[in-house]
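Single-letter residue listing:
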Amino acid sequence: MANSTPDIIYTKVDEAPQIASASLLPIIRAFASAAGVSVGVKDISLAGRIIAAFSDRLTLAQKQPDDLAELGELVKTPDANVIKLPNISASVPQLIAAVKELQSQGYDIPEYPEDPQTAEDKTVRARFDAIKGSAVNPVLREGNSDRRAAIAVKNYAKANPHSMGKWSADSKTCVSTMTSDDFRSNETSVTLTDAQAGLARIEHVSADGTVTVLKDKLSYPAGTVVDATFMSASALDTFLAEQIDASKRNGVLFSIHLKATMMKVSDPIIFGHAVRQFLKPVFDAHGPALAAAGVDANSGLGAMLERVAEMPAGKAIAEQIHAVIADRAPMYMVNSDRGISNLHVPSDVIIDASIPALIRAGGKGYGPDGKAADTNCVIPDSSYAAVYDETIRYFKETGALDPSTAGTVQNVGLMAQKAEEYGSHPTTFLIPADGTVRMVLENGDLVHQHNVQAGDIWRAASTRKAAIEDWVNLAISRQKAENCQAIFWLDETRAHDAQLIAYVKPMLAAAGVADKFQILAPREATRLSLETIRKGETSIAVSGNVLRDYLTDLFPILELGTSAKMLSIVKLMNGGGMFETGAGGSAPKHVQQLVEENHLRWDSLGEFCALGESLKFLADAKGNEKARVLGNAVDVATQGVLDHNHSPQYNVGQKDNRDSHFYFALYWARALAEQTVDAELAAHFAPIAQALTDKEAVIVSELGAAQGTLADLGGYYHTDDAKVAAVMRPSATFAEIIG
Ligand SMILES: NC(=O)C1=CN([C@@H]2O[C@H](COP(=O)(O)OP(=O)(O)OC[C@H]3O[C@@H](n4cnc5c(N)ncnc54)[C@H](OP(=O)(O)O)[C@@H]3O)[C@@H](O)[C@H]2O)C=CC1
Ligand SMILES: O=C(O)CCC(=O)C(=O)O
Ligand SMILES: [Mg+2]
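Residues numbered from 1 in each chain as written. Chains lettered and ligands numbered in written order. Predicted model: local features only at pLDDT ≥ 70, side-chain atom pairs only at ≥ 80, totals over all residues. Heavy atoms only, no water.

Engineer: Where do I start with the overall build of the protein chain in this structure?
Structural biologist: Helix and strand counts for the protein chain stand at 27 helices and 24 strands. On C-alpha atoms alone, the protein chain measures out to a radius of gyration of 26 Å, which is about the 27 Å that the 2.2 N^0.38 rule sets for 739 residues. If one aligns the C-alpha atoms of the protein chain with their principal axes, the spans along those axes are about 80 × 65 × 60 Å. Taking all 739 residues of the protein chain together, the buried fraction comes to 58%. In the protein chain, of all internal contacts separated by at least 6 residues, the share reaching a separation of at least 24 is 78%. For the protein chain, the exposed surface amounts to about 27800 Å²; the carbon and sulfur share of it is 52%. Positive and negative side-chain charges in the protein chain, numbering 68 and 90 respectively, have mean positions lying 2 Å apart. (Helix = DSSP H or I, 4+ residues; strand = E, 2+ residues; numbered from the N terminus. Rg over C-alpha atoms; globule rule 2.2 N^0.38 Å. Buried < 20%, exposed > 50% of the residue type's maximum accessible area, 1.4 Å probe, protein only. Contact = heavy atoms within 4.5 Å. Areas by Shrake-Rupley, 256 points an atom, 1.4 Å probe, with all protein chains shown as cover. Lys, Arg positive; Asp, Glu negative; His and termini not counted. Charge placed at Lys NZ, Arg CZ, Asp CG, Glu CD.)

Engineer: Looking at this structure, how should I read the pattern of salt bridges?
Structural biologist: Applying the stated criterion to the full structure yields 40 salt bridges. Measuring nitrogen to oxygen at the nearest pair gives 2.8 Å for the salt bridge that ties Arg438 to Glu203. Within this pair, whereas Arg438 is found in strand β17 (residues 435-441), its partner Glu203 is found in strand β7 (residues 198-206), the two being separated by 235 residues in sequence. Judged by relative accessible area, Glu203 falls into the buried class, the value being 3%. We note a salt bridge from Lys616 to Asp635, for which the minimum N-O separation is 2.5 Å. Here Lys616 is found in helix α21 (residues 605-622), whereas its partner Asp635 is found in helix α22 (residues 625-643), with 19 residues between them in sequence. Given a relative accessible area of 33%, Asp635 falls into the partly exposed group. Linked through salt bridges whose partners overlap, the residues forming this network are Asp389, Glu390, Arg393, Glu397, Arg523 and Arg527. (Salt bridge = Lys/Arg side-chain N within 4 Å of Asp/Glu carboxyl O.)

Engineer: How should the packing of aromatic side chains be read in this particular structure?
Structural biologist: The geometry of an aromatic ring pair comes down to the distance between the two centres and the angle between the two planes. Evaluated as defined, the whole model comprises 20 aromatic pairs. Ring plane angle 75 degrees and centroid distance 6.4 Å describe the contact between Trp489 and Phe555, whose orientation is recorded as edge-to-face. One end of the pair, Trp489, is in strand β20 (residues 485-489); the other, Phe555, is in helix α19 (residues 545-559), and 66 residues separate them in sequence. For the pair Trp489 and Phe555, a shared accessibility class is recorded, and that class is buried. An angle of 35 degrees between the planes, with centres 6.1 Å apart, marks the rings of Tyr663 and Tyr667 as tilted. (Phe/Tyr/Trp six-rings, centres within 6.5 Å; stacked < 30°, edge-to-face > 60°.)

Engineer: Please clarify how empty space enclosed by the protein should be interpreted in this entry.
Structural biologist: Leftover empty space is mapped by rolling, across the atoms, a probe with the size of a water molecule. This model, assessed by the stated rule, comprises five cavities of 30 Å³ or more. The calculated volume of the largest cavity comes to roughly 230 Å³. Around the largest cavity, the lining is made up of 18 residues, and of these Met263, Asp267, Asp381, Tyr384 and Tyr550 lie nearest the centre. Mapped onto the lining of the largest cavity, the elements with two or more residues apiece are α10 (266-278) and α19. For the lining of the largest cavity, the class distribution of residues is 12 nonpolar, one polar and five charged. By volume, the second largest cavity is sized at about 100 Å³. Surrounding the second largest cavity, 13 residues form its lining, Val13, Gln18, Tyr716, Tyr717 and Thr719 being those nearest its centre. Per element, the largest residue contribution to the lining of the second largest cavity is three residues, and it comes from helix α1 (residues 15-34). A class-by-class count of the residues in the lining of the second largest cavity yields five nonpolar, five polar and three charged. (1 Å grid on protein atoms, 1.4 Å probe; cavity = no way out; pocket = protein on both sides within 12 Å on 5 of 7 lines; lining within 4 Å. Points joined across faces, edges and corners; volume = space filled by probe spheres on them. Nonpolar A, V, L, I, M, F, W, Y, C, P; charged D, E, K, R; others polar.)

Engineer: So what exactly am I meant to see when it comes to the site of ligand 1 here?
Structural biologist: In the vicinity of ligand 1 there are 22 residues, among which Gly585, Ser586, Ala587, Arg601 and Asp603 approach most closely. Here ligand 1 has 880 Å² of accessible area as a free molecule, and 85% of this is covered by the chains. Among the elements that make up the shell around ligand 1, the one with the highest residue count is helix α20 (residues 588-597) (three residues). (Near = heavy atom within 4 Å.)

Engineer: I keep staring at the environment of Tyr550 and nothing clicks. Help me out?
Structural biologist: Relative to the helices and strands, Tyr550 is located in helix α19. For the pair formed by Tyr550 and Thr493, sequence separation is 57 residues and the distance between their alpha carbons is 21 Å. Those residues in contact with Tyr550, other than ones at most four positions away along the chain, are Ile351, Asp352, Tyr384 and Tyr388.

Engineer: Just to check I follow, could you spell out the coordination of the magnesium ion (ligand 3) for this structure?
Structural biologist: For a metal bound by four donors in a tetrahedral arrangement, the ideal donor-metal-donor angle is 109.5 degrees, while six donors in an octahedral arrangement ideally sit at 90 or 180 degrees. At this site the magnesium ion (ligand 3) is bound by Asp352 (OD) and Asp549 (OD), with donor distances of 2.0 to 2.1 Å. In this pair, Asp352 is assigned in helix α14 (residues 351-360) and Asp549 in helix α19, connecting sequence segments 197 residues apart. Look at Asp549 and you get buried, because its relative accessible area is 5%. (Donors = N, O, S within 2.8 Å, 3.2 Å for Na, K, Ca; no water.)

Engineer: What is the right way to read the nonpolar core from this model?
Structural biologist: In a soluble, globular protein the nonpolar side chains are often hidden away together inside. Core analysis: the largest hydrophobic core is formed by 73 residues, its most contacted members being Phe31, Leu615, Phe664, Trp668 and Leu692. Residues contacting Trp668, with those up to four places away along its chain left out, are Ile27, Ile28, Phe31, Leu611, Leu615, Leu630, Ala633, Val634 and Ala637. (Core = buried A, V, L, I, M, F, W, Y, C linked by side-chain atoms within 4.5 Å.)

Engineer: Explanation requested: unusual backbone geometry in the structure shown.
Structural biologist: The phi angle of most residues is negative, glycine excepted, and most peptide bonds adopt the trans form. One non-glycine residue, Lys418, adopts positive backbone phi at about 55 degrees. Note that Lys418 resides in the loop between β15 (408-413) and β16 (428-430). Residue Lys418 is classed as partly exposed on the basis of its relative accessible area of 38%. Even without being a glycine, Ala587 presents a positive backbone phi close to 45 degrees. Inspection of the secondary structure puts Ala587 in the loop between β24 (577-581) and α20.

Engineer: Please clarify how the environment of Val700 should be interpreted in this entry.
Structural biologist: Its place among the elements puts Val700 in helix α25 (residues 696-706). A relative accessible area of 28% means that Val700 is categorised as partly exposed. Contacts of Val700, omitting those with residues within four sequence positions, involve Asp659, Phe662 and Tyr663.

Engineer: Would you take a moment to explain the site of ligand 2 for this structure?
Structural biologist: Residues in close proximity to ligand 2 include Ser89, Ser134, Asn137, Arg141, Arg147, Lys259, Met262, Asp352, Tyr422, Arg548, Asp549 and Ala583, which together make up its full environment. At 2.8 Å, a side-chain N or O of Asp549 approaches an oxygen atom of ligand 2. When ligand 2 sits alone it has 300 Å² of accessible area, and the protein chains cover 89% of it. Counted by class, the shell around ligand 2 contains three nonpolar, three polar and six charged residues. (Polar contact = N/O pair within 3.5 Å; in protein donor to acceptor, adjacent residues only side chain to side chain.)

Engineer: I'm lost on the packing of helix α11 (residues 280-292) against helix α13 (residues 314-327) in this one. Help?
Structural biologist: A packed helix pair is summarised by two numbers, namely the angle formed by the two axes and the spacing between the axes. In the contact formed by α11 and α13, the axes pass within 10 Å of each other and the chain directions differ by 150 degrees. In terms of orientation, α11 lies roughly antiparallel with respect to α13. For the pair α11 and α13, the crossing hand works out as left-handed. From α11, Pro281, Val282, Ala285, His286 and Leu290 reach across to α13, where they touch Ile317, Gln320, Ile321 and Val324. Here the contact of α11 with α13 is composed, by residue class, of seven nonpolar, two polar and no charged. (Axes fitted to C-alpha atoms, helices over the stretch in contact; angles between N-to-C directions. Parallel < 35°, antiparallel > 145°, perpendicular 65-115°, else oblique. Left-handed = near helix turned anticlockwise from the far one by under 90°.)

Engineer: So what exactly am I meant to see when it comes to the sheet that holds strand β4 (residues 143-148) here?
Structural biologist: In sheet architecture, strand pairing relies on hydrogen bonds along the backbone and comes in two forms, parallel and antiparallel. With respect to topology, 10 strands assemble into an open sheet ordered β2-β1-β3-β24-β23-β4-β15-β22-β20-β21, the strand pairing being mixed. Lying at the two open borders of the sheet, with one neighbouring strand each, are β2 (39-43) and β21 (517-520). Between one strand axis and the next, the sheet turns by 25 degrees as a mean value, whatever way the strands run. With six bridges connecting them, β15 and strand β22 (residues 538-543) associate as parallel partners. Residue pairing across strands places Thr408 opposite Thr538, the latter belonging to β22. In this fold helix α17 (residues 495-510) packs onto β20 and β21, with an angle of close to 170 degrees to the strand it touches most, β21. Contacts between α19 and the sheet are confined to β4, β15, β20 and β22, with β15 contributing the most and set at about 160 degrees to the helix. (Pairing = 2+ DSSP bridges.)

Set out below in structure tokens:
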């Protein structure tokens, strides 16, 4: 692969970032080619992954190679230089919608078997399961995470603070979480000794002694931290029922926040419990009929209403559903205009983005009446809920953060080699019958054992020694570079964290930097970090994988207004580099606005930051000095876009993504024309910079004229490249100069 691999791999993804790429990537390729830098593309989109998985059923013209598998190999080599945009981690409703769209385009993709019975259905289902949920990031993230705001971005945010909702001390907004029998409370954890290294299996032993192997041939090297835990279904139901009642009693919106995408096995099941508890009278009255009609609560109220509409007695059931909803506490809405509630689609409310947005708004969510209201934020598992609880308490006490003076929380996140809960998908099980679940090692040691009941969710997760050590070393080097407060967000009273602390403390001591770090449980770390940034100072959060995810949305959304502007570097453990674009997702709402008004408010600042880093990495890795010149000029261009306020705005008629790309190209070309390190590049870009300068008014007017109409993308999950290009490159003048 090495010789034919392009210098940089850009990723084809979904939704807003993919549409933005239709405008940005031609610019990047044109500029890079002037320096002899090749930029390839690998398709990791949801549609692309479905097509690759079922290529055996497709025509030659339709077939696609498995780009994700190829990239998964590449990131394990020192040659890797990947710009990774956010992709859809699909929930079942999204997967079904994508299949339907591909079928309508003539692709012979099978239906998603919701309840596979035959051997063939089970094979199909296994292929879909490999595509479902967070199926890309765990494969590509062969390194730990370094996410922070670049200094220019942070300074811009201070000079141009975003609006923040006001907090009042008597806000009724709160976080509610379980106090027992959840993943946090039931967790056990061990670090495997040399004698314990090797294979492991997970088995279920039913009350009558029948042993069923749930998973075999797990392979753990010595030093791996292996956890196991479960969430009790009955405790969960009791908790949810209480919270649904409490929300009504306290006059607040009911909301539930999960990560049904990334935690693709456990969280859809928990979401399904919430749907069933909220609509308990309906399920009590019609449970068997609903099941017979194919209703799966895990797929949400939206899919349920569709199925109910097809039932003979559907009208009466639908009426009962609406009557129950009317009688309950009002629900936190995804889109009140369209009647889309928190419980409609499991992937609509994703905790890392949803709670920070609510906190940014002063603790308000939107109710069914379209009005902002105080909200009960239900987070069933208590492992990380304290972070949000403490943030909300802090703002109630002290008022909102002021982005014009706030400091920053950076993150060093443990995520390599599918660390922690992140990699638990193949070892998470919905328990079929009462009994025990145990993990047994090759040497016969029984390392975990839990008494479980039917319906409980049991899961194991592992974290490898090499990943942990790499993470601690990254923390040490980042703390040294910033010379600021650094906190390991680890709770010594939690089973898993205690094992990590046993790694962290000796490593810090050996490096002579124990005094530079604190180790604090999430609640205490949250409080101290908020106090630190309120003083305008910097803190580094050194965290596990889930907190990496949560904190790199929470703090950026408070400090910068969005996590889209983050610098997000994955230093791959085998020497390569992966540069993620921002810390946010694929912004589905943005596509809707583009289709309706031909305005794309996606901000590509994350792509600009990643591109600069990728080019400079290329220069270091391959001794390509032209790439360094290009990379340094990217930084100047990014600063120019910020300084001159050319970032996309919210509303139609204002500047959008395409305008920001034009200005990025203009400033990039100027910086290249003006630099004196490489005369050849300066000579190449001088006329381009001149042409872009001369034609600025024409180009801006051509871009502006495109807005305010419907935009045809030729699809949602599997768009038509030519149609998207026509929408995203409406300025003939600009396209001609870029070439
Ligand atoms: N790295 C990855 O691959 C990731 C993938 N995802 C996936 O993305 C999808 C959506 O997830 P969700 O949790 O809704 O999070 P998103 O980050 O996509 O959306 C939340 C909101 O963040 C704002 N936003 C995010 N990125 C940008 C940007 N570049 N420019 C401007 N605004 C931005 C928008 O707010 P507003 O509308 O207020 O402007 C948006 O509506 C899911 O399929 C999820 O699995 C999510 C996170 C990371
Ligand atoms: O992999 C995913 O599903 C989401 C990842 C994510 O949200 C993040 O890394 O910030
Ligand atoms: Mg995230």
